[in-house]
Amino acid sequence: MLCSGEKHVKTAPELHLTLLARHKLMFSMSEKELGKKWDRCLADGAIKLGTGLGLGIVFSVLFFKRHTWPISFGSGAGLGMAYANCQNDLRSHYLLHRSQKEQ
Amino acid sequence: MLRVCLRGANATARRNCGRTPLTNLQHCRHYTAGETSGGAAKVVAAGLVTVGGGIGGAILYAKWDHKFRAAVEKNVPYSDWLLGLALGPASQDGGFPVKTQMEIAQPPSMMEKQMKTSKAKPEKKVKEAAESPAKETGPVPAQPAQSLEEASAEATHIISAISEVPSVPAPCDTEAAAVKEECKETAAVQPDTESPAAAEPIKERPVEEVAARLAQQDQEEQDIVASISASLEESLASSAKATLQAIGAQEAALQAITRHTHKLKEAMEAEEKSAQWKDLEAALADRTGAVDDAGAALLKANEALDSLKSVIDKSKGLKASAVRPLVLAAEENLHNMVVDLDKVVTKVQSAESEAKIVSQYSELVNEAKQQFQREVSSLTPEIQANWKGLTGKLSVDDLNALIAHAHRRIDQLNRELAEQRVREQIHIDAALEQQKLEDQKALEKAVNTSLQHFKEEARLEQERKLSELREVMEAEMRTQLRRQAAAHTDHVQDVLKVQDQELRAEAEQVLSSKMLEQETCYRQLSQEQLDNFTLDMNTAYARLKGMEEAIDSHVVAEEQARKAHQLWLSVEALSYTLKTADADSPTVPLESAAQVVRDSCGDSDFALALASALPEQSLQRGVYSEASLRARFNSLRSLVRRVALIDESHNSLYQYFLSYLQAVLLFEAKQEAPPAHLSSEDLDPFKLLSYASYCLEHGDLELAAKLVNQLRGEARRVVEDWLTEARLTLETRQVISLLSAYANAVGLGTTQAP
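Residues numbered from 1 in each chain as written. Chains lettered and ligands numbered in written order. Predicted model: local features only at pLDDT ≥ 70, side-chain atom pairs only at ≥ 80, totals over all residues. Heavy atoms only, no water.

## Side note on the pattern of salt bridges
- The tally for this structure, following the rule as stated, stands at 21 salt bridges over all chains.
- Across the pair Glu251(B) and Lys347(B) runs a salt bridge whose closest N-O atoms are separated by 4.0 Å. With Glu251(B) in helix α9 (residues 207-269) and Lys347(B) in helix α11 (residues 323-379), this pair connects stretches of sequence that are 96 residues apart.
- Judged by its relative accessible area of 31%, Glu251(B) is partly exposed.
- On the basis of relative accessibility, which here comes to 39%, the residue Lys347(B) falls in the partly exposed class.
- When the shortest N-O distance is used, the salt bridge between Arg717(B) and Glu714(B) registers 3.1 Å. Placement of the pair is Arg717(B) and Glu714(B) together in helix α20 (residues 714-752), with a separation of 3 residues, close to one helical turn.
- Owing to a relative accessible area of 15%, Arg717(B) belongs among the buried residues under this scheme.
- When salt bridges that share partners are traced, they join Glu33(A), Lys37(A), Glu714(B) and Arg717(B) into one network. (Salt bridge = Lys/Arg side-chain N within 4 Å of Asp/Glu carboxyl O. Helix = DSSP H or I, 4+ residues; strand = E, 2+ residues; numbered from the N terminus. Buried < 20%, exposed > 50% of the residue type's maximum accessible area, 1.4 Å probe, protein only.)

## A short note on the interface of chain A and chain B
- Residue-level contacts link 21 residues of chain A with 29 residues of chain B.
- With a closest N to O distance of 2.8 Å, Arg717(B) and Glu33(A) form a salt bridge.
- Summed over the shared surface of chain A and chain B, the number is 6 residue pairs in polar contact (both at pLDDT 80 or more).
- For the side of chain A that touches chain B, the secondary structure elements donating two or more residues are α1 (12-27), α2 (31-62) and α3 (69-91) of chain A. (Contact = heavy atoms within 4.5 Å. Polar contact = N/O pair within 3.5 Å; in protein donor to acceptor, adjacent residues only side chain to side chain.)

## Digging into the UniProt feature "coiled-coil region" (unreviewed entry) in chain B
- UniProt tags residues 396-423 of chain B as "coiled-coil region" (unreviewed entry).
- Structurally, residues 396-423 of chain B is divided into 100% helix and 0% strand, and its ends, taken at the C-alpha atoms, are 38 Å apart. (UniProt positions renumbered as here; feature names shortened; annotations may be inferred.)

## Notes on a nonpolar patch on the surface
- On the surface, a nonpolar cluster with roughly 700 Å² of combined accessible area is contributed by Leu53(A), Leu55(A), Ile57(A), Val58(A), Phe59(A), Val61(A), Leu62(A) and Phe63(A).
- On the secondary structure map, Leu55(A) appears in helix α2. (Patch = residues over 30% accessible without salt bridge, like charges linked within 9 Å, V, L, I, M, F, W, Y side chains within 5 Å. Areas by Shrake-Rupley, 256 points an atom, 1.4 Å probe, with all protein chains shown as cover.)

## Considering unusual backbone geometry
- Even without glycine at this site, Lys65(A) takes up a positive phi of about 50 degrees.
- Tracing the backbone through its elements, the reader meets Lys65(A) in the loop between α2 and α3.
- Notably, Tyr78(B) is not glycine yet its phi reads approximately 65 degrees, a positive angle.
- Structurally, Tyr78(B) can be placed in the loop between α3 (66-75) and α4 (79-87).

Okay, here's the thing in structure tokens:
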């Protein structure tokens, strides 16, 4: 599906680019982004929760004599980190990143 | 003054303050006004009187003095109108004196000129009257002067009659002066003719009349001359004949007398013979006859001469100038004849006197002879008279007697001689006296005749000289006239030349203008023809061209139509490709169709622009259909509802939770008709969504996109792609609709008419 005519003879990298662009175009659906973000959020939350829990458990078992506070602490920390990450991810569009700022 | 009064009024008002200052003031004002009015009226009246008096005085003075009036009129504007009203228009006495003088000067000269012409007229009349034989005017010596005047008057009359130029003042004056002199002269010469001249009407005769008169006069003169010459010739001839006859007679008489004398001498010397005596007698008879004839002829000649003289006098009295030479010649002839006659008469008289002497002598001799004869006969009675031949016949006695007689005779003669000698002186004196008397008489007579002759000769000489002078003068006058005529002819020639030139120039101009006209006409016509021809040619050519163009345009139009059809078809194909989109997947990439469209565009920039205005993505990737977009929107809607509260400032998770809550709790209409104007309330996302879904349901993607475009924040981010897709679709659809419209239009245009 190359453009006909002399004007539109493209080189290989351009071709690659246009394929990517087309791909992007074809499949870019901005409404799916939120869903993706939520997915990531949840996944991240789950992971962080689990990790936090686990670490909490570990720490509670290991270091803190089977208190429950390190578990709640860890899970809370994990949840909190996940919350923060989710929020950040969701906000990421509205925040100017340092690289953009520098630019 | 008014101020003073007002001050006074104010002062009174102040004094009477409170009481009615206003009325007081008014009173005062009345008073002051009255006072001032009184004073002003006086001043005004005085001024008016002065001005009126001045004006009246000026008018009166202007009426009296015109120079003043003129000065006033010149210096003061509108015064001429006023003065005209008052006095009437300015009289022209001092106005133009020069002109009137000139005008006055002109008529007198004209009058004088006409008077001169009228004077010349009566002269002519007088001449004509004089020509009639009844009248004889003027003595002869006055005639040459008169004739001079006549000639000069004639000449001036001719000149004035021929040159009928209206008199110009300057030459007119001199002419008037000259004319005046002439008038005076002629008046002096002919005082008797002035009175009839004044009574005549004064007008200048025309040239033809003058010429006719002149011709008539010439004719008359010629007649007179002819008659006079005839009469003169006649009388001359007769007198000449008579004179010749007389002269001949006188000559004959003379000859007869001489012959007689001679014969007598001969007879005396020779012996007396009867033949001689007879001859003598015959001669005597001859002589007497001749003398008588001569006398008669002389009488006749004298008569003839007298008649000739009378004729000459008569002709002199006629005063015709051409007759003068004839008269002169006649007079000369007369004089010559008279002279000849007198000469001959004197000759005859001398001959007669001689003859008388001779006859006396012969008588004496005869007497002596007779006495001697008697004596001899008394002595010798027997001896005959002819004693010369008797020498041989005489005897001695006779001879002695003869000798004694002779001696006696001799003695007697001696005695007589002595006596004569004694009385010689007395005799001689007496004879001398006698002779003197006779000589005196003869001298007187001769002197008288010669005086007469000389007088006559002198008179004739004078006449001749006069005639010569007259001729010379005539010649001079003729030359002058000729010169004048020559000058006049030159002038006329010059004028004619100038006129000729002018006329020629005029004619040439007219000709050239006419020619130019004709040429321009011709050129115009030819140009017109040419123009018409070119016009026709052009029209024909244009029609041909038109036809060709029509045919070409037909071809072109058909081509265009074909192209348009192709375009339409391609556009239709393009628009059909739009319909190939399924619910979820986009259409086929429009590239090929667009390419076909581009190819079938041809040279239509509009179509090309449109074809190239198709968005790249639609060409590469294709576009979503409306239905898919609708479906997508419907799925989007719930998402947008969920993130309605999220924007730049509100984007924490808590906000997310709230917005989710809102979405759950808030109910809006599924579809709501969007208003014509969006207010700020309508910018709520839920409302916008309902509007947009309404629009989508009703197929208005554009409005739906516009409404969706109003979303802000996260909702906007979420619908961004949908919006882009919608935009793409809309763009593509717009371009395609434009193209199809264009193709339709072109197709319609091409199919209907070129």
